[in-house]
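Chain residues, written in single-letter form:
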Amino acid sequence: MKKLSLYLMLAIAGWSLTACDESHDDYVQPVVYEQEPALVIEGFKATPTTAASQPINLGTMTEDAIQLFTLEKGNLPAGVTLDNIRLEAWPSDKTESVATKVVASEDGKVTKDELAKLVYTFYGKKAKERTFTAKLFANAVKGTEAMLITLGDFTLRITPEEVENPYYYLYGNVLLKAAADEAYKAVMTPDPTNDAVFSFTSKFVSSGDIKVWNSKYWAEEKGKQVKDFSKLYGSGEEKPTSYKGTTGKLKQGSTSSIFSPTKEYYTFTIDLEALTYTWVKLEDQNPATYNVISLIGIGGDWSTDIDMAAVDKAKHNWFVQVTIAADTQLKFRADNAWTTDWGYGDADADWTVSEDVWAKTLENGKKNIAVPAGTYNVYFCDITGAAHFVPVE
């Protein structure tokens, strides 16, 4: 962190004054509005706290606010007050980003909510440390006139609280039933190299619409599932109902759906860090179809299938809830036959399902999957081979 040792200086004689409103927010762009001071006010300075120089983990933070700096006011000229103390911060790895305002109090405190909002604005909600460049500003105010004062700059390292689990679901007209109660049947596939990226492959309907939900916002009340619709991820585009581009902005809390470019097969992908979505059209627009996909091998029974149900209109994504009494091995197969079957790896149990490794991409003819005892929502896409085992609590 860069030490804040700048004294507040204020031009009294010959002020170049600019009218401002009550919030004094006309001066949020320091590059444009920062002015050369002409007078030092002795004893007025800002100094960072020890806490500001350390990584800030919002998940373990017990107070509602953290003190990032101390402010020694000294003696302000008659009729002059200090107002609108704030940080202007932007990601250190995104230098072209527009700075966002972070409200601070006179005693140097910034709330947990303000810091969380800063991270979510640029990165989404993954619990990963983010580094921000921050500048401290205030307005010296006299009557209805104000002057922007720069108090210093430093670096913040913030890790947001983990507020979402790894299970994201597609909700909308791509499914056989577009009801909210059916959303749990269409889980998205996590990218093994990026925990902020998830995808879903099917034939999409351009006149239809989709959104994305994280199951963290679902709860059981009196035997019924209650969902928070304000947490849906939707389109962040200005004209979402007419926008059918192959890339777009993702926004949580959006009331606008996302629309597929055409009525064809796509892989729809969201990036929760970049807050974007993409559509990639499949080269093969006539993928193999099956009457049913099933699980086989549970409890050592390799002759009895447990059939899955199609959840999308194109019938390529399948779902079943299953309870496994004891640790077992299993495979997926098509049409209750061994003509086409899916497994993982070159040896049995190369994939052992766990809370951390709950999804893999399977291949035809590969080996058995090891699954511990428990109850699971099981998902499979017969186009991509993506298999998912989500534990049911």
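Check the entry above for the structure.
Residue numbers restart at each chain and count upward from 1, following the sequence in its written direction. Only residues with pLDDT of at least 70 are given local features in this predicted model, and only at 80 or more are side-chain atom pairs given and counted; all residues enter the totals for whole chains, interfaces and linings. No hydrogens and no water enter the side-chain calculation; it runs on all heavy atoms of the structure.

Participant: Got a sec to walk through the environment of Ser354? Specific residues and values, please.
Facilitator: Counting from the N terminus, the helices are DSSP H or I runs at least four residues long and the strands are E runs at least two residues long. Topologically, Ser354 is positioned in the loop between strand 27 (341-343) and strand 28 (359-361). For the pair formed by Ser354 and Ala370, sequence separation is 16 residues and the distance between their alpha carbons is 9.5 Å. Within polar-contact distance, the side chain of Ser354 engages the backbone nitrogen of Val357 at 3.0 Å. Any pair of N or O atoms that falls within 3.5 Å is considered a polar contact. Within protein, one atom must be able to donate a hydrogen and the other to accept it, and sequence-neighbouring residues count only if both atoms are side-chain atoms.

Participant: So what's going on with the packing of aromatic side chains? Residues and values would help.
Facilitator: Only rings of Phe, Tyr and Trp enter the pairing, Trp through its six-membered ring, and a pair is recorded when the two centres are within 6.5 Å. The plane angle decides the type: under 30 degrees is stacked, over 60 is edge-to-face, the rest tilted. All chains considered together, the criterion is met by 24 aromatic pairs. With a centroid separation of 5.7 Å and 75 degrees between ring planes, the pair formed by Trp351 and Phe389 is classed as edge-to-face. Of this pair, Trp351 sits in the loop between strand 27 and strand 28 while Phe389 sits in strand 32 (residues 386-391), and the two are 38 residues apart along the sequence. The pair formed by Trp351 and Phe389 is uniform in burial state, with each residue classed as buried. Here, over-ring charges are defined by two tests on the NZ atom of lysine or the CZ atom of arginine: distance to the ring centre within 6 Å, and angle to the ring normal within 35 degrees. Positioned above the aromatic ring of Trp213 is the side chain of Lys227, whose terminal nitrogen or guanidinium carbon lies 5.9 Å from the ring centre. The aromatic ring of Trp218 is capped on one face by Lys227, whose charged end is 4.7 Å from the ring centroid. Burial status follows relative accessibility: with a 1.4 Å probe on protein chains alone, a residue under 20% of its type maximum counts as buried, one over 50% as exposed, and anything between as partly exposed.

Participant: If you had to explain the pattern of salt bridges to someone new, which residues and values would you point to?
Facilitator: Here the idea is simple: oppositely charged side chains can pair when their charged atoms come close. The salt bridge definition used is simple: a Lys or Arg side-chain nitrogen within 4 Å of an Asp or Glu carboxyl oxygen. Applying the stated criterion across every chain yields a total of eleven salt bridges. Of the charged contacts in the structure, one is a salt bridge between Asp305 and Arg333, with a shortest N-O distance of 2.7 Å. Taken together, the residues Asp305 in strand 23 (residues 305-307) and Arg333 in strand 26 (residues 328-334) connect sequence positions 28 residues apart. Residues Asp305 and Arg333 agree in their burial class; the two are buried.

Participant: Any details on the sheet that holds strand 32? Residues and values, ideally.
Facilitator: One open sheet accounts for five strands, arranged 24-25-31-32-28; its pairing is antiparallel. Unpaired on one side and paired on the other, strand 24 (309-310) and strand 28 mark the two borders of the sheet. When DSSP finds two or more bridges between two strands, those strands count as paired. One ladder, built from eight bridges, connects strand 25 (residues 317-324) with strand 31 (residues 374-381); its direction is antiparallel. Counterpart to Asn317 in the pairing with strand 31 is Cys381.

Participant: Which residues make up the pairing of strand 31, and what values do they have?
Facilitator: Burial runs high along strand 31: six of the eight residues are buried. Bridge count for strand 31 against strand 32 is five bridges, and the pairing is antiparallel. From the neighbouring strand, Val378 faces strand 32, where its bridge partner is Phe389. Here strand 31 folds back onto strand 32, and the loop between the two strands holds four residues, one of which, Gly385, carries a positive phi near 80 degrees.

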